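Residue-level listing of the chains:
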Protein chains: 2
Amino acid sequence: MTSHPQPSPFQAGTPQPGHGHSVPAGEGPDEPATGARHASGKATQKRAQARRDALLDAAVALLEDGGFPAVTHRAVAHQAGVPLAATTYYFDSRDQLVAHAFTRLVERELAATGAILDGPGSLVDRLTALVGQDRARQLGLWELYVHAGRDPVLQAIARTWTDGCDAALATALRRDRYPHTPADVRFLATLLSGLWIETTVEARPGTAAHDTLTRALNTLRAAKDVSGRLRAR
Amino acid sequence: MTSHPQPSPFQAGTPQPGHGHSVPAGEGPDEPATGARHASGKATQKRAQARRDALLDAAVALLEDGGFPAVTHRAVAHQAGVPLAATTYYFDSRDQLVAHAFTRLVERELAATGAILDGPGSLVDRLTALVGQDRARQLGLWELYVHAGRDPVLQAIARTWTDGCDAALATALRRDRYPHTPADVRFLATLLSGLWIETTVEARPGTAAHDTLTRALNTLRAAKDVSGRLRAR
DNA sequence: GCTAAACTGGGACAAGCGTACCGTTTTGAG
DNA sequence: CTCAAAACGGTACGCTTGTCCCAGTTTAGC
């Protein structure tokens, strides 16, 4: 989509409403401060913020069921119940809107991932549940992830996602007393990625995911057992 | 995408030229028989076939670098050096053209994968080379793969792709005398997928891919060593 | 030769897209 | 209250898209 050179994400080039933050790539991209906007009141800000949120939610929803090309200004506006012009008023361009939507999606995904991994059940069950989440959302997410490879700004967000997954995975491994090094985490996360995308795209029936994960975790334990046994000699 | 109902302009299957294969996967409502076109010569057939091939090649090339939305009728026609109308003459719709192009792409990709895995070098080096191929093309491939999750026809092709990768991987493991079960192959292929897509999208520097693959293959050998050692007692 | 079919290719069409314009309404500070 | 700025929203522009039409050309069978 419009692979414009655009070295910088964009600049404060247009009138631009209240939101003073540029593209999401940073760390806490959305609504960082938003406070004390020069001559803006609070009610207005709130309404504007709500509209922005509605637009973002609409974009995410459209992305989920309909895919990438479904996220058009008109569709987003209609879904959010705002006039068409609001989309360009709150977001300089479609690319920017998509970028923000991607950020939001990643945030939600990381939160969901953390919640599942912190939840009940054995680790392998939790991981299996992870890759078997709502397919529509996963498809949209992966679609964006792949698309991110074409845009430096989105690529940064994609890396954030991967890093977040690694962190969540490390926490889960620690909690369940699985011996693990950073390399182990990376290994498992990579496997999880493959499993995740294959499951999402191909949607084959069966327990292949569960089996694969069981095997991977057993490898972890086995490696420890072996080294422990050898060391004990 | 103009999802026109259009039951049939004046016939069930448009004029439609000689190409005798239907939609790549499944059976498809398109060109059911088409065999032995009554009064068609051979020279004409050949020329028509050449054009079809040129169109398909053009579509594949566009798919490779430019991704999915790059495959437009006009772009394909221009790339193939044929007039615009030829695209709708040889393919009923853009979707059909894309499906055929996808099939061809997967075939070629599987062939290329097989060639690399059958080539010289250690297995880990060959696998590393696999995930480090031309990035633009890989991006296009993954884009298509993910998109395939939204279309049953394309999904079937995607599964074919995965199965082909599994087969190629099994062959390579056998050649290099790695002990492996079908589950091992699946495990390794899944890991490879994860590694592949992460490498393609995020393009992080370093030798992480090589390391991860080394580790995975060592796991294979280790499992055998361990079981062998245990059995030897 | 002739005829009907397959093929060619230039052009046109409606639909949908991102985006910009610009007059109107709402808002909050003075 | 006044009033400038911000927010809003209808609408239009320029462009690209997929697809179709149709007159012209080539081909194969007679």
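Residues numbered from 1 in each chain as written. Chains lettered and ligands numbered in written order. Predicted model: local features only at pLDDT ≥ 70, side-chain atom pairs only at ≥ 80, totals over all residues. Heavy atoms only, no water.

## Some points on the overall build of chain A
On a plain count of helices and strands, chain A comes out with nine helices and zero strands. Its helices and strands in sequence order give chain A the pattern α-α-α-α-α-α-α-α-α, from N to C terminus. The 233 residues of chain A split such that 48% are buried. When contacts within chain A are restricted to residue pairs at least 6 apart in sequence, those whose partners lie at least 24 apart make up 68%. When the accessible area of chain A is evaluated, it comes to approximately 11000 Å², of which 58% is carbon and sulfur surface. (Helix = DSSP H or I, 4+ residues; strand = E, 2+ residues; numbered from the N terminus. Buried < 20%, exposed > 50% of the residue type's maximum accessible area, 1.4 Å probe, protein only. Contact = heavy atoms within 4.5 Å. Areas by Shrake-Rupley, 256 points an atom, 1.4 Å probe, with all protein chains shown as cover.)

## Thoughts on the UniProt feature "DNA-binding region" (unreviewed entry) in chain A
With numbering matched to this structure, UniProt assigns "DNA-binding region" (unreviewed entry) to residues 72-91 of chain A. Secondary structure within residues 72-91 of chain A divides into 75% helix and 0% strand; the distance between the first and last C-alpha atoms comes to 13 Å. (UniProt positions renumbered as here; feature names shortened; annotations may be inferred.)

## Topic: empty space enclosed by the protein
What the rule picks out here adds up to four cavities of 30 Å³ or more. Here the largest cavity is characterised by a volume of approximately 220 Å³. Within the residue set of the lining of the largest cavity, elements represented by two or more residues are helix H4 (94-118), helix H6 (135-148), helix H7 (152-175) and helix H8 (182-202) of chain B. Along the lines of polarity and charge, the residues of the lining of the largest cavity split into eleven nonpolar, four polar and three charged. The volume enclosed by the second largest cavity comes to roughly 120 Å³. For the lining of the second largest cavity, the secondary-structure elements that each account for two or more residues are helix H6 (135-147), helix H7 (152-175) and helix H8 (182-202) of chain A. (1 Å grid on protein atoms, 1.4 Å probe; cavity = no way out; pocket = protein on both sides within 12 Å on 5 of 7 lines; lining within 4 Å. Points joined across faces, edges and corners; volume = space filled by probe spheres on them. Nonpolar A, V, L, I, M, F, W, Y, C, P; charged D, E, K, R; others polar.)

## Regarding the domain arrangement of chain A
Interface size is often expressed as the accessible area that is lost when the parts come together. Residues and elements named next belong to chain A. Domains assigned within chain A are domain 1 (42-91) and domain 2 (96-227). On a C-alpha basis, the centroid separation for the pair domain 1 and domain 2 is 28 Å. Listed as interface residues are 14 residues of domain 1 and, on the opposing side, 14 residues of domain 2. Of the roughly 1400 Å² buried between domain 1 and domain 2, counting both surfaces, carbon and sulfur atoms make up 71%. Of all residues in domain 1, Glu64, Phe68 and Phe91 bury the most surface against domain 2, accounting for 41% of the area lost on that side. At the boundary of domain 1 with domain 2, the tally comes to three salt bridges. Between Asp53 and Arg104 there is a salt bridge; the shortest N-O distance is 3.1 Å. The tally of links between domain 1 and domain 2 comes to four residue pairs in polar contact (both at pLDDT 80 or more). If you tally residues by element for the side of domain 1 that touches domain 2, the top one is helix H1 (residues 42-64), at eight residues. For the side of domain 1 that touches domain 2, the per-class residue count stands at nine nonpolar, one polar and four charged. (Domains from an automatic or database assignment. Buried area = accessible area lost by both parts, 1.4 Å probe. Salt bridge = Lys/Arg side-chain N within 4 Å of Asp/Glu carboxyl O. Polar contact = N/O pair within 3.5 Å; in protein donor to acceptor, adjacent residues only side chain to side chain.)

## Regarding the UniProt feature "domain: HTH tetR-type" (unreviewed entry) in chain A
When the UniProt feature table is mapped to this numbering, "domain: HTH tetR-type" (unreviewed entry) covers residues 49-109 of chain A. In residues 49-109 of chain A, the share of helix is 77% and the share of strand is 0%. The end C-alpha atoms are 22 Å apart.

## Some points on the confidence of the model for chain A
Per-residue confidence for chain A gives a mean pLDDT of 79, with 75% of residues at or over 70. When the criterion is pLDDT under 50, residues 1-41 of chain A qualifies, and its contacts beyond four places in sequence or with other chains add up to 58 contacts. (pLDDT = per-residue confidence, 0-100.)

## Describing the packing of helix H5 (residues 123-131) of chain A against H8(A)
A pair of packed helices can be characterised by two numbers: the angle between their axes and the separation between those axes. All names here are of chain A. Axis separation between H5 and H8 bottoms out at 9 Å; the angle between their running directions is 45°. Comparing the axis directions of H5 and H8 gives the class oblique. Within the contact between the two elements, H5 uses Leu127, Leu130 and Val131 and H8 uses Leu192, Trp196 and Thr199. Its residues assigned to classes, the contact of H5 with H8 shows five nonpolar, one polar and no charged. (Axes fitted to C-alpha atoms, helices over the stretch in contact; angles between N-to-C directions. Parallel < 35°, antiparallel > 145°, perpendicular 65-115°, else oblique.)

## Here we look at the relation of the copies chain B and chain A
The two copies are related by a screw motion: chain B maps onto chain A through a turn of 178° and a shift of 0.3 Å along the axis, at an RMSD of 0.6 Å. The symmetry that links the two subunits is that of a two-fold axis. Among all residues of chain B, the minimum C-alpha distance to the rotation axis is found for Gly194(B), at 1.8 Å. The residues that chain B uses at the interface reappear at the interface of chain A in 98% of cases, marking a shared surface. (Least-squares fit on C-alpha atoms with pLDDT ≥ 70 in both.)

## Here's the deal with the interface of chain B and chain A
Across the boundary between the two partners, chain B contributes 43 residues, which contact 46 residues of chain A. Where chain B abuts chain A, roughly 3800 Å² becomes buried across the two surfaces, and 54% of that area is made up of carbon and sulfur atoms. At the surface where chain B touches chain A, the tally comes to eight salt bridges. With a closest N to O distance of 2.4 Å, Asp184(B) and Arg215(A) form a salt bridge. Remark: the boundary between chain B and chain A carries 29 residue pairs in polar contact (both at pLDDT 80 or more). Elements represented by at least two residues in the side of chain B that touches chain A include exactly H6, H7, H8 and helix H9 (208-232) of chain B. Along the lines of polarity and charge, the residues of the side of chain B that touches chain A split into 19 nonpolar, eleven polar and 13 charged.

## Some points on the pattern of salt bridges
Taken as a whole, this structure holds 24 salt bridges over all chains when the rule is applied. A salt bridge links Arg150(B) to Glu143(A); its shortest N-O distance comes to 2.9 Å. With one member in each of two chains, Arg150(B) in the loop between H6 and H7 and Glu143(A) in helix H6 form a pair that bridges those chains. Owing to a relative accessible area of 26%, Arg150(B) belongs among the partly exposed residues under this scheme.

## A few points about unusual backbone geometry
You will see that Arg177(A), though not glycine, has its phi angle at about 60°, which is positive. Relative to the assigned elements, Arg177(A) resides in the loop between H7 and H8.

## With respect to the side chain of Glu109(A)
All names here are of chain A. By the secondary structure assignment, Glu109 is in helix H4 (residues 94-117). A polar contact of 3.3 Å, which involves the side chain of Glu109, links it to the side chain of Gln133. Once you skip the residues sitting within four places of it in the chain, Glu109 turns out to touch Gln133, Arg137, Gln138, Leu141, Trp161 and Trp196.

## Brief notes about the packing of H4(A) against H7(A)
Residue and element names in this part refer to chain A. Packing of H4 against H7 brings their axes to within 10 Å, and their N-to-C directions diverge by 5°. Considering their axes alone, H4 and H7 lie roughly parallel with respect to each other. Contact with H4, carried on its side by Ala99, Phe102, Thr103, Val106, Glu109, Leu110, Thr113 and Leu117, involves Leu154, Ile157, Ala158, Thr160, Trp161, Gly164, Cys165, Ala168, Leu169, Ala172 and Arg175 of H7 and no other residues of that element. In terms of residue class, the contact of H4 with H7 is built from 13 nonpolar, four polar and two charged.

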